[in-house]
Amino acid sequence: MEINHFSHHHRLVLLDQETGTDQSPKHYCSGCEEAVEGSTYSCGKWRFFLHNKCAELPGEINHPLHHQHPLLLSVMPYGHRGLFSCDLCKTT
């Protein structure tokens, strides 16, 4: 299965990552920076990985504590720590 995701310019392919061992390199999600295990979306050209849960995040939500306008999921510049971040609490 392949998807187009707004956070990356190449198509992402669904892979089944095995649990990391001491001999296999660990990969980290480009969205939340947690280790990737199990089914994960990946770009074959770059070391870019997204958990299913991160790939499925909506790009826009309406939140009851912020009713003036929808909240948008923004992509951080390449090289920034964490792909997604919160402008309110400043965490990724």
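Notes on the structure follow. Here the structure is a predicted model, which is why all the values come from computation and not from measurement.

1. Things to note about the overall build of the chain
Looking only at helices and strands, the chain has one helix and six strands in total. Scanning the chain from its N terminus toward the C terminus, one meets helices and strands in the order β-β-β-β-α-β-β. Carbon together with sulfur atoms contributes 54% to the accessible area of the chain, which is approximately 6,900 Å² in total.

2. Points about the environment of leucine 14
If you trace the backbone, leucine 14 turns up in strand β2 (residues 12-17). For leucine 14, a relative accessible area of 30% gives the class partly exposed. Separated by 26 residues in sequence, leucine 14 and threonine 40 have C-alpha atoms that sit 5.6 Å apart. Look past the residues within four positions of leucine 14 in its chain and what remains in contact with it is Met1, Ser39, Thr40, Tyr41 and Asn52.

3. Considering unusual backbone geometry
One non-glycine residue with positive phi stands out, namely glutamate 33, at about 70°. As for its placement among the helices and strands, glutamate 33 is situated in the loop between β2 and β3 (38-43). With relative accessibility at 30%, the residue glutamate 33 sits in the partly exposed group.

4. Quick notes on the side chain of threonine 40
Along the chain, threonine 40 falls in strand β3. A polar contact of 3.2 Å, which involves the side chain of threonine 40, links it to the backbone oxygen of glycine 38.

Rules and cut-offs
Residues numbered from 1 in each chain as written. Predicted model: local features only at pLDDT ≥ 70, side-chain atom pairs only at ≥ 80, totals over all residues. Heavy atoms only, no water. Helix = DSSP H or I, 4+ residues; strand = E, 2+ residues; numbered from the N terminus. Areas by Shrake-Rupley, 256 points an atom, 1.4 Å probe, with all protein chains shown as cover. Buried < 20%, exposed > 50% of the residue type's maximum accessible area, 1.4 Å probe, protein only. Contact = heavy atoms within 4.5 Å. Polar contact = N/O pair within 3.5 Å; in protein donor to acceptor, adjacent residues only side chain to side chain.

These results come straight from atomic positions and should not be treated as a statement about function.
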